[in-house]
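For reference, the chains in residue letters:
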There are 2 protein chains.
Amino acid sequence: MKQSMMFIPTLKNAPKDAEAMSHKLLVRSGLVKQVAAGIYSYLPLGYKVIKIIENIVREELDALGCSELLLPALQTSDLWKESGRWDDYGPELMRLKDRKDRDFCLGPTHEEVITFVARDYLNSYKKLPVALYQIQTKFRDEMRPRFALMRGREFSMKDLYSFHSNDECLNEWYELVWEAYKKIFNRCGLEVKVVDSDTGQIGGKEAHEFMVMSEVGEDTISYCNDCDYGSNTEFSNLAERDKCPKCGGTISIAKGIEVGNIFKLGTKYSEPMKATFTDKDGKEKPMIMGCYGLGVSRTLMAVVEQNNDELGIVWPEELKPFKYHIICFDVKNKDQLDVANHIYSELRKQSECLFDDRIERGIIKLKDSDLIGIPIRITVGRDIKDGLVEVTERKTGTSNKVKITDLQAFCSSLSKKKKK
Amino acid sequence: MKQSMMFIPTLKNAPKDAEAMSHKLLVRSGLVKQVAAGIYSYLPLGYKVIKIIENIVREELDALGCSELLLPALQTSDLWKESGRWDDYGPELMRLKDRKDRDFCLGPTHEEVITFVARDYLNSYKKLPVALYQIQTKFRDEMRPRFALMRGREFSMKDLYSFHSNDECLNEWYELVWEAYKKIFNRCGLEVKVVDSDTGQIGGKEAHEFMVMSEVGEDTISYCNDCDYGSNTEFSNLAERDKCPKCGGTISIAKGIEVGNIFKLGTKYSEPMKATFTDKDGKEKPMIMGCYGLGVSRTLMAVVEQNNDELGIVWPEELKPFKYHIICFDVKNKDQLDVANHIYSELRKQSECLFDDRIERGIIKLKDSDLIGIPIRITVGRDIKDGLVEVTERKTGTSNKVKITDLQAFCSSLSKKKKK
């Protein structure tokens, strides 16, 4: 991809109201742009990473046998009245009327709609279990939108819903999704702790949150250093903190960013919404449900919060938007441009390359390159007179002058090194 | 994918209000499900095809150097007041207030937001042209939602916006996108005609629509049988119809479904919204813009409308959700199930397979298979006692009894035949 066409509007300074490092970096590196309070555009580079995260989510859920669908954002009040949430949900629920004065809301979650979609067809134990997910834009009118993608009013979420004929099956799926979540966050380069949680506005019998440790997290949690167990304990009852049930590891206290949550809903929605099935014994019973959220845009935020240095973002291996960043230091120098074009056309046959062909000062290009954090930079500058380009690894800052004729081999050796 | 898990709720009967064949088939084959008037859920099989269409769109636009981003659905009235459309747009615009009583709308198109996002950064001719697109959910409160995905209130659209320093560059891009659209629709198995159009609520200087001929189309058009040229002429002035400028071909009249539209916006948005750049001559000028819409969900509808027979959908080659449909006629017969499982595990190594492992009558499975239209069906039934399965091509209905040991070779030969 040629950078001149890609629209990566980097900024020298962060917005004045940006406190979190991720907020500063997301905006400065041209990944997102605020359109209104808590409402962001995902610019091409940011959206490319969002799509990578989405595909990791898809791979791990599809491997379990989940199916992807897409439910509408516009939801009728009728369904929300069936579940009882039309009256229960606070001002976070964005409500509107259509031209015929009918009440709608913009979905903050989709328990009602998925129950409506599933209830007619899933009428027998023979058709269960089924697990359906979507990756979709959600709306919550937060009182205080914060830290760009952390607490937004329009954001991207993966929500999965599972339907079962008995509790054992739900418990089994709950564990499966738990493990899939750990894989997903691990592939995104995030360390997470799993924390007991209350069931809040979603409801149900049991719930857990997946937390990324960060000083900008909104929850205070205690967690075990030797396993993934944590607890949403307040400081007031820290006497609990040493009762870590899973292992005898040492305990730390930190702030956490919630990137995922999982709920055993039981029959909270299926009962009032009459989503029933005929069981083996011929009896009609409400379906047992689970629901599982994962904040896609918030994961991007948490990744940037955890993966940066004083120069900018340092992408985790699986989330890198490009493998190589080819910089033509001075595009007005025809020799440099020819060499850079040649390298671009060769390397892009194997890997995704961003080619900085902008009419811009070379020094700015290098700063932008550090800022957006692509793993390997190839700078084509004055050294081409000696047949050399500079190869820089973003993570370590290590630079090497490499013969243009040896470049392919050198890049392969870097990739091999990384895999070890 | 195992069909028992995929949630494909086929129906024997179409909804009573369904007139268009595509509407009947989309619902009957479990691709979509209505949630409210003009508001649909895309169920797993339908959403799989939607994602295939989206990826075709991405491939053709990325090849031009366009970049994908994602703009918010929630738009502040401020931006719409800048462009003047807050007052001009009719009741199709869905309006709402946030908790602080600020006015918002749900984006029916995104000219305002993209102009806002682009205007700060694209401040010099050196940074132009740039072409940015998104694939996103749009909202229009249609008075009379029709034919399921044809005229919906919440629908999926690809919208591309291009920014230029001069008209020549816009004209060049307009042609490029025109050609890309032809490729996209062609890959989707659709025949389209390109029709002069008025500029409507989008505005601008010149516009064209991409039309799929269909008896359920909403526009009457005349078109040339020998080239892709058409005209949105009313019957009243059909004297115009023989003035086909591009070739001397014969003219037909038909109904058309609009699946795409392209506009030379000029400075309609950049001027009032002060989206200016400094040109080579040092002067500040408003950017020249183009915008290009493509109805993703409506394309699905048009594809189903054009590709079906009395048994159900017949997917065009590139849009097939799976290549093989493996039917285990009777899953309670252990021998059949073993063979079917074996075939599934072998074929899925090379191609996407749907495996009908449901506890359901065999005859229902065959009917469902015809209905959802996967190109090649492999039926594992009683013939396995002779070492045979039945291979059926959906398009032609041709069936062959094939030795299980020869199945891989036979399937390869079918694929080769198709490519010729």
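Predicted model only: the values in this text are computed from it and were never measured.

Residue and element names in this part refer to chain B. Looking at where Ala131 falls in the secondary structure, it is placed in strand β7 (residues 130-139). Each C-alpha atom, one on Ala131 and one on Arg151, is 27 Å from the other, the two residues being 20 residues apart in sequence. The contact partners of Ala131, leaving out residues within four places of it in the chain, are Leu64, Gly65, Cys66, Leu160, Ser162 and Trp173.

Residues and elements named next belong to chain B. Here Gly30 lies in the loop between α2 (21-28) and β1 (32-36). Separated by 19 residues in the primary sequence, Gly30 and Leu11 place their C-alpha atoms 7.2 Å from one another. In contact with Gly30, other than residues within four places in its own chain, are Ile8, Pro9, Thr10, Leu43 and Leu45.

Next up on the list: the sheet that holds strand β20 (residues 353-356) of chain B. Residue and element names in this part refer to chain B. With respect to topology, 5 strands assemble into an open sheet ordered β20-β19-β21-β22-β23, the strand pairing being mixed. The outermost strands of the open sheet, each flanked by one partner alone, are β20 and β23 (399-403). The average undirected angle you get between the axes of adjacent strands in this sheet is 25°. As defined by bridge partners, strand β21 (residues 376-380) adjoins strand β22 (residues 388-393) across 4 bridges and the pair is classed as antiparallel. When the bridges of β22 are listed, Ile378 appears paired with Val391. Helix-sheet contacts for helix α9 (residues 334-347) involve β19 (324-328), β20 and β21, and the interaxial angle to β19 is about 165°. Where helix α10 (residues 362-372) meets the sheet, its contacts fall on β19, β20 and β21, and the angle it forms with β19 comes to roughly 170°.

Moving on: the domain arrangement of chain A. Residues and elements named next belong to chain A. The assigned domain composition of chain A is domain 1 (3-309) and domain 2 (322-419). Between the C-alpha centres of domain 1 and domain 2 there is a distance of 38 Å. Listed as interface residues are 7 residues of domain 1 and, on the opposing side, 8 residues of domain 2. Among the residues making up the side of domain 1 that touches domain 2, the classes are represented as 2 nonpolar, 4 polar and 1 charged.

Listed by partner, the interface residues are 43 residues for chain B and 43 residues for chain A. Per-class residue counts for the side of chain B that touches chain A are 29 nonpolar, 5 polar and 9 charged.

Let us look at the packing of helix α3 (residues 44-64) of chain A against helix α7 (residues 167-187) of chain A. All names here are of chain A. Where α3 contacts α7, the axes come no closer than 9 Å and their chain directions differ by 155°. Classified by the angle their axes make, α3 and α7 are roughly antiparallel. For α3 against α7, the interelement crossing comes out right-handed. For the pair α3 and α7, contact is made by Ile56, Val57, Glu60, Leu61 and Leu64 and by Leu176, Ala180, Lys183, Ile184 and Arg187, respectively. Across the contact of α3 with α7, the residue classes break down as 7 nonpolar, no polar and 3 charged.

Glancing now at the sheet that holds strand β5 (residues 94-97) of chain B. Residues and elements named next belong to chain B. Taken together, the 3 strands give an open sheet; going across it, the order is β4-β6-β5, and neighbouring strands pair in antiparallel fashion. Of all strands in the sheet, those bounded by a partner on one side alone are β4 (74-76) and β5. On average, each strand axis in the sheet is tilted by 40° relative to the strand beside it, whichever way the strands run. Relative to strand β6 (residues 103-106), β4 is paired through 3 bridges, and the arrangement is antiparallel. Each bridged residue has a counterpart across the sheet, and for Leu74 the counterpart in β6 is Leu106.

What counts and how
Residues numbered from 1 in each chain as written. Chains lettered and ligands numbered in written order. Predicted model: local features only at pLDDT ≥ 70, side-chain atom pairs only at ≥ 80, totals over all residues. Helix = DSSP H or I, 4+ residues; strand = E, 2+ residues; numbered from the N terminus. Contact = placed C-beta atoms within 7 Å. Pairing = 2+ DSSP bridges. Axes fitted to C-alpha atoms, helices over the stretch in contact; angles between N-to-C directions. Domains from an automatic or database assignment. Nonpolar A, V, L, I, M, F, W, Y, C, P; charged D, E, K, R; others polar. Parallel < 35°, antiparallel > 145°, perpendicular 65-115°, else oblique. Left-handed = near helix turned anticlockwise from the far one by under 90°.

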